[in-house]
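What follows is the residue order along each chain.
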Amino acid sequence: MISQLRSRWQQWVHRRIPRSDNQLLNQKNVFILPTGAGVVFGILLMVMLITGINYQNSLIYLITFLLGAVFVGAMHQTHRNLSGLELTLLQPGEGVAGEDIPFRFRATAGPNDAVAVRLSVDDSVLAPIHISAGQATDVVIPVPSAYRGYLRPDRIRIETRFPFGLLKAWSWMRPASAGIAFPRPLAAPDVLSSVPDGSDADNVRSVEGNDHADLRPWREGDMSQRVMWKRYARSGQMVVADWEGEQGSPHWLDFDAFPGTDHEMRLGYLAYLVGEREKRGGRYGLNLPGRAIDPDSGASHAQRCMRALAVWGEEPPRETLPEPHGTRSDQDLTHPMDSQSA
Amino acid sequence: MSLLSRIMGDSPSDTASVAAIPSRALAWLVASFALLLIPQWDRLPIWLLAACGVLAGWRWLAQYGRVRLPGRLLRTAIMLLLISVYVATVSGRFTVDTAASFFVLAVGLKWLETRSSRDFYVLLFIVIYLATVNFLFRQEILWTLVNLAGVACLLVGLQVLNAPDLPANMRSGWKRLGLLLLKTLPIVILLFLFFPRIAPLWSVPLVSGQARTGISDSMRPGDISNLAQSSERAFRVTFGGELPAYRDRYWRGLVLDYLDSETWKQSGFESYRPPGKVDLDGGIGDLGAREYDVLMEPTDQRWAFGLENSRAVSGNVIEQDDDLFRFRRPADTAVRYRLAREEVSQGSPADELSALETRRYLQLPVSGNPRARQLGRSLKEQNDAEGVIRAMLSRFRDQEYFYTLRPPAMAENGIDTLLFDEKKGFCAHYAGATTFVLRAAGIPSRIVAGYQGGEPGAGGEYLIVRQYDAHAWVEAWIEGRGWVRIDPTAAIAPQRIESGLREAVANEGSFLEEDWASPQRYGDVRLIQWASLQLDRMNYQWQRWVVGYQGQSQMDLMSRLPGRFGMKELGYLTAAVVGGGLLLAGLVSAWQMRRGVRYDAFRKTVEGWHMLCVGNGVPVRSGETPSVLAERFAEARPAAADSARRFARMVNSHYYSASPSKTAAADLKRLRRLLATMKKQLRRSQQKNRKTGTRS
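With an unreviewed UniProt entry as reference, chain B is termed DUF3488 domain-containing protein, source organism Marinobacter salinexigens.

Looking at an unreviewed UniProt entry, one finds chain A named DUF58 domain-containing protein and attributed to Marinobacter salinexigens.

J.: Hey, could you run me through the overall build of chain A in this one?
T.: Scanning chain A from terminus to terminus reveals six helices and 18 strands. Put simply, 68% of the contacts in chain A that link residues at least 6 apart link residues at least 24 apart.

J.: Looking at this structure, I do not really get the nonpolar core. What am I missing?
T.: In a soluble, globular protein the nonpolar side chains are often hidden away together inside. Among the nonpolar cores identified, the biggest contains 213 residues, and Ile 141 and Leu 270 of chain A together with Val 127, Leu 154 and Ala 472 of chain B are the most heavily contacted of them. Once residues within four sequence positions are removed from consideration, Leu 270 of chain A is found in contact with Leu 253, Phe 255, Leu 286 and Leu 309 of chain A. In terms of nonpolar packing, the next biggest core, distinct from the first, is built from 15 residues, Trp 609, Val 651, Leu 671 and Leu 674 of chain B among them.

J.: Looking at this structure, how should I read unusual backbone geometry?
T.: Leave glycine aside and you will find that most residues have negative phi; peptide bonds, for their part, are mostly trans. Each neighbour pair has its own omega, and for Phe 162 of chain A with Pro 163 of chain A the value is 0 degrees, a cis peptide bond. Within the secondary structure, Pro 163 of chain A is located in the loop between β11 (156-160) and β12 (167-173). Positive phi outside glycine occurs at Asp 300 of chain B, with the angle close to 65 degrees. When you line up the elements, Asp 300 of chain B lands in the loop between β6 (291-296) and β7 (303-304). C-beta crowding within 10 Å serves as the criterion here: with 19 such atoms nearby, Asp 300 of chain B is assigned to the partly exposed category. Positive phi, close to 60 degrees, is recorded for Asn 309 of chain B, a residue that is not glycine. Relative to the helices and strands, Asn 309 of chain B is located in the loop between β7 and β8 (310-312).

J.: What's the story with helix α2 (residues 23-37) of chain B in this structure? I'm lost.
T.: Note: α-helices contain 3.6 residues per turn, so residues at a spacing of three or four share the same orientation. Residue and element names in this part refer to chain B. If you check α2, its first and last C-alpha atoms are 21 Å apart, about what 15 residues at 1.5 Å a residue would give, namely 21 Å. Listed as buried for α2 are Ala 25, Leu 26, Trp 28, Leu 29, Ser 32, Phe 33, Leu 35, Leu 36 and Leu 37. Of the surrounding elements, those touching the buried residues of α2 are α3 (46-63), α5 (96-110), α6 (117-137) and α7 (141-162).

J.: I would appreciate a short explanation of the packing of helix α4 (residues 72-90) of chain B against α5 of chain B in the present structure.
T.: Helix-helix packing is described using two parameters, namely the angle between the two axes and the distance between the axes. Residue and element names in this part refer to chain B. Put simply, α4 and α5 touch, their axes get as near as 11 Å, and they point 170 degrees apart. Our classification of the angle between α4 and α5 gives roughly antiparallel. On the side of α4, the interface is formed by Met 79, Leu 82, Tyr 86 and Val 90, while α5 contributes Thr 98, Phe 102, Leu 105 and Leu 109. Residue composition of the contact of α4 with α5, grouped by class: seven nonpolar, one polar and no charged.

J.: Even after reading the chapter, I still don't get the UniProt feature "transmembrane region" (unreviewed entry) in chain A, so can you show me in this structure?
T.: Within this structure's numbering, the places UniProt gives as "transmembrane region" (unreviewed entry) are residues 30-53 and 59-76 of chain A. Counting secondary structure, residues 30-53 of chain A comes out at 75% helix and 17% strand; the distance between its end C-alpha atoms is 37 Å.

J.: Is there a simple way to think about the environment of Ala 116 of chain A in this case?
T.: By secondary structure assignment, the location of Ala 116 of chain A is in strand β6 (residues 114-121). The spatial distance from the C-alpha of Ala 116 of chain A to the C-alpha of Thr 160 of chain A is 6.0 Å, given a sequence separation of 44 residues.

J.: What should I look at first to understand the pairing of strand β16 (residues 463-466) of chain B in this one?
T.: Within a regular strand, side chains alternate between the sheet's two faces. Residue and element names in this part refer to chain B. With burial as the criterion, each face of β16 is covered, one bearing Leu 463 and Val 465 and the other bearing Ile 464 and Arg 466. Across four bridges, the pairing between strand β2 (residues 233-239) and β16 is antiparallel. Of the residues in β16, the one forming a bridge with Phe 235 is Val 465. Sheet analysis places strand β15 (residues 455-456) next to β16, joined by two bridges and oriented antiparallel.

J.: Any chance you could explain the interface of chain A and chain B here in plain terms?
T.: Facing 64 residues of chain A, the contacting portion of chain B comprises 67 residues. Taken together, the elements giving at least two residues each to the side of chain A that touches chain B come down to α2 (36-54), α3 (58-82), β3 (86-91), β6, β7 (124-125) and β9 (136-144) of chain A. Ranked by the residues each element gives to the side of chain A that touches chain B, the list is headed by α3 of chain A, at 16 residues. Residue composition of the side of chain A that touches chain B, grouped by class: 34 nonpolar, 22 polar and eight charged.

J.: What is the right way to look at the UniProt feature "transmembrane region" (unreviewed entry) in chain B in this model?
T.: Residue and element names in this part refer to chain B. Listed under "transmembrane region" (unreviewed entry) in the UniProt record, and renumbered for this structure, are residues 21-38, 44-61, 73-88, 119-137, 143-164, 176-195 and 570-591. In this annotation, residues 21-38 is assigned 83% helix and 0% strand; the end-to-end C-alpha distance for the span is 25 Å. Taken end to end, residues 143-164 is 91% helix and 0% strand, and its two terminal C-alpha atoms sit 31 Å from one another.

J.: How do you make sense of the domain arrangement of chain A when you look at a structure like this?
T.: Interface extent is often summarised as the accessible area lost during association of the parts. Domains assigned within chain A are domain 1 (12-181) and domain 2 (201-311). Domain 1 of chain A puts five residues into the contact, and the matching count from domain 2 of chain A is four residues.

J.: I tried to follow the environment of Pro 163 of chain A on my own but got confused; where do I start?
T.: With 27 C-beta atoms counted inside 10 Å, the residue Pro 163 of chain A sits in the buried group. Along the chain, Pro 163 of chain A and Ala 116 of chain A lie 47 residues apart, while their C-alpha atoms are 8.5 Å from each other.

J.: When you look at the environment of Thr 299 of chain B in this model, what are you seeing that I'm missing?
T.: Residue and element names in this part refer to chain B. Among the secondary structure elements, Thr 299 is positioned in the loop between β6 and β7. A residue is classified by how many C-beta atoms lie within 10 Å of it, and Thr 299, with 23 of them, is buried. When the C-alpha atoms of Thr 299 and Val 388 are compared, they prove to be 37 Å apart, with 89 residues separating the residues in sequence.

J.: Sorry if this is basic, but what is going on with the UniProt feature "domain: Transglutaminase-like" (unreviewed entry) in chain B here?
T.: UniProt's entry tags residues 419-490 of chain B with the feature "domain: Transglutaminase-like" (unreviewed entry), counted in the numbering of this structure. Between the end C-alpha atoms of residues 419-490 of chain B there is a gap of 16 Å, over a span that is 29% helix and 42% strand.

Reading the values: rules and limits
- Residues numbered from 1 in each chain as written.
- Chains lettered and ligands numbered in written order.
- Predicted model: local features only at pLDDT ≥ 70, side-chain atom pairs only at ≥ 80, totals over all residues.
- Helix = DSSP H or I, 4+ residues; strand = E, 2+ residues; numbered from the N terminus.
- Contact = placed C-beta atoms within 7 Å.
- Core = buried A, V, L, I, M, F, W, Y, C linked by C-beta atoms within 7 Å.
- Buried ≥ 20, exposed ≤ 12 C-beta atoms within 10 Å, placed from the backbone.
- Expected span 1.5 Å × (residues − 1).
- Axes fitted to C-alpha atoms, helices over the stretch in contact; angles between N-to-C directions.
- Parallel < 35°, antiparallel > 145°, perpendicular 65-115°, else oblique.
- Nonpolar A, V, L, I, M, F, W, Y, C, P; charged D, E, K, R; others polar.
- UniProt positions renumbered as here; feature names shortened; annotations may be inferred.
- Pairing = 2+ DSSP bridges.
- Domains from an automatic or database assignment.

This is how it looks when you write it as C-alpha cells:
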C-alpha cells in the first residue's frame, strides 16, 4: 500500500519535473512542508493558545498569533529562497566506479537571495551555499557510483530550511545528461605474452603464421592496419583480414584475452591494463567485441579507451526510461552487440 | 574556487542533522534566556537563578573549549542534586510559582545537554513557553517588550543556526525578521481583534504561593505600617463623573470584627461559592455619571474594593453583606470591574441589628487592656452613643497623639499602652484602639480595612491608589443612622485624610524610607514624578485596551460594528482572516515570481527564440541542448541557419562559461541582435517564397 503510494508520488513528481539539464525552480516544482521542528512548533502554538484561553490572557493570545504569523511568513520566505533559483548541469563527471563522481553545476539565484541551499544526491549532502540575488556560483556534487556505465543521478535534491528551520522547501533536478563511471581496475593476470589455455582451448588457433585469416568486408570501427590495402588498390574493395595471430599482440588489449572470466572482470583487467600502458607511455589499442580503438598513446587516448570500457554493452540512458542511477538495469549482457554493430 | 574546495573537502555525510551549534546562535539563545528570566527574578529562589547562571555559563565556556561538557555520570549527579534541592525548597506545595521554577530548572539543566541543533530546538521551544508563562505574571508594557525581545532574540538565533556561515552582506537577521513581522502585522492585529475569546476550557486557578503585597484578612497593629513602605499600585479608578474629594476616597475592602488578643480577624467564614469564570474585564461601554471602573492589580484574593454606598454594575463582582464586593474567583490577574455610587438615602430608617450581630460587633477578648475597658465604661456613663464617639475623637484631637510610621513596640496590653502611655501609632493602632473602647462602651463597631486616597495619574483621567494608601478605620452602629464611619486618623493627622501619607509623615521623613527605588519617594523631583506618571498612563491604556481585551470587551467592540456579531460569526471571521491572509500571501508571491521571470532578460531572449522555433514548425524538446535545437532549426529553415547556430553557441557560452556575470550585458545585446536577424532572414525568405510562388 505504502510502496504503491510512494510509486504514484514518484510518477507524479517525474511528470512534474521532466529530465533536463537546466531547471528553473518556481511554484510548479518547489514543494514545501513543515519539518519535525515545525510540527512541534505547531503543537507548541496550540498549547500556548490553550494557555491563553484558560487564563484569559490577552498577551498570550498576542504572542501566539505573532509566532503563528512568523510561521506563515517563514513559509513565504523559505519558498522564496528557492523560487527563481536556476540549476544547470555544466559537466557530468567521469570517474572510477565505486567512487563519488563529481558533477559540476551552476546555480544562479533569481530575484531573491538564495540562502542556505543544500544540494544533495542520496546520502551525500553538500555544505549549504548562499547566492545573492542575480549572482551565480558553481557547485560540484559528488554522485556516488556503484557500477561502471552511464551514471545519471535520478534526482538531485535542492533543499532549504532557512530562515528558521521550521519549514523545508525542496525541489529536484533530474539531469538529462549522464556521466560515466569507468570499470574499477583489477590487476590483470599476465596474459599478454602467451595465449592462455582455458576451457575453450578448441577455439585457440595456431599462432605461428598469418595463414589463418578470415576475410570480411570493412565495417566501421575496423582498424586501418587490418585493411588489405593491396587488395583495395586492385579492386577498390576494402577488405579486412581478421588475423588470429593478432590476438596475442602486446599492442592490443583484447577483451578475448581472458577466456573463461566474467565480462565485468575482463573489463576490470582491461581498465587496469589501460592504466598501466598509459603510465608506461607505449602505444596500445583496445579491442572490444563490437568496438575497437586503434593503437595510440596519450591521455586523451586513455580516456577514450576508458570510456569505451565503461559503456561497453550499455545503452545511453534515455528520458523515457528513468532508471536508478549507479546501477545497471537488467540488460541482457550475453548479447553485448549493441547499436554500433547493427 | 575556495567554495569548490571547501565543498569537496567536506565529508558529505551527517552535516545536516547533528551539526554542532554555532557560537553566535548559542549566544542569542543565552541572551534570550537571560532576558526572559528577568521578569521572574522576584519569584524564583536565588539558588535557582544562580544555578541557571552557572549552567548556562558552563555551556558557554564549553563552546570555546575552555571546559568540557559533563559526561553522563556527572550530568546525572548535577541533575539529582538540583532536583533534590528543588524538592527540599518546595516541600510539597504545588503552586504556579513552584511549577514555574521547575520549568526554569528544566531549562537550566538542558544547557548541559545542548550539543546538536536538535537540542537547540528543544531549548527554543521551552524558552518560548517560558515567555508565555511570564505573561501570566506580568503584563505591563515594559515587561511585554522584554518578553517579546527575548522571543525575537530566539528567532534571530534560529536564523544563525540555519545559516551559520552566511556572508556578512546577507546576514541582517534583524532586518529579515522585522520585515517578516511587518508584513504579517495586519493579520496579527485582525486575529487579535476577531479571534473569538471563548470561555476557559477548564478552570485553573493561578494561585501563587507567594505572599503579595496588599491588605490581608487579619490585622495586627503593625501590619498596615509595613504596607505603607510599598509604592506598588493597588488599583486604578476611572470615574464617569466628578472625582470625589480626597477625604471621601474611602475604598472599603474588608470588615474585621473579631479581636483575638492582638489580632483583628473576620469573624465569619466567607460563604463558599464554587469558583466560576471571572470576566477579567467588566468595564464595558461608556461610564455613567455615577459609575466608576476599578482596574485592580492581582491580589490572589477575592476582595474587590469599592467606595461606600456602591452597587455592582458589572457581572464579575457580587455584592455581599456589609456593603462589600467579592469576585467569584481569586483575582490572580488584573481585573476590571464597574461599580456605581448610590444616592445616600437620608432619613430612611436603617435595619435593626439582630441579637447575633449585636453580639458579634461587641465581642472583646476575655481579659487584657483594663484601662481601655475602663475608659469605655466611663464614657458610656456620661454620654449616649454619638457622644461617646465625639468624646473619643476629641480626645485624639486634643491630647498629644502622634501619627507615625515608626511606632514604638507595645507588647503587653498594647491598646492601653497606646492610649495612655506612648500615644504614638499608625492608623491600624488607632482604629483597633477606637473599636476596643467603643465596644467596651457597648456600641457595636468594627474595623474596615481598605485604602484611603489615591492621586490622579497623568492627564488626570484616573486615580492611582497605591499600597501606601492602605488604611484602617472604624464603623460604629448608631441606632437610627446605621453604620457610621469614624476615622480616628482624621482626628490625629488630618493631612493623611486630606492629602495623603506623604504630607502626614513629612516631618518624620519616613515616607517610603525603605523603598529607595520607588519613583514615588522622589515626589518632589518633578521630572521623576512626571516620567513615572506618564509610564503609568501608558500602562493603564495598555492594560485597558490590549491586556484587558477579553470576551466582554470583544463583544462590546463587535456590537459597535454593523451587523450582529456573535461567537459563531467571530469564528467565521477569524477563518476568513486567516484564509484571506494566506491567499493574499500566495498571490503576492505568485506576482513576485512572475516579475522574477521577467527579471531574467537572458532567459526571456532564449524563450523568444524558442517561440520562433515553435512558430516555424520546430518543436522544442525538453532537455535538448541549444545546438541540437539550432541544427534542427537550420534543417527546417536554411535561410536562418547561420544565425541560429551562432545564437546557440552564444547561449552555450553564456551558460557554460567560467565567468558568467562579466560579459553578461554584452552577450545579451548580441543575442537580441541575433534573434532580430533571424526573424528578418525568415521574413525575407518567406517573401522570396511567395514571390516565386506567384511567379510560377
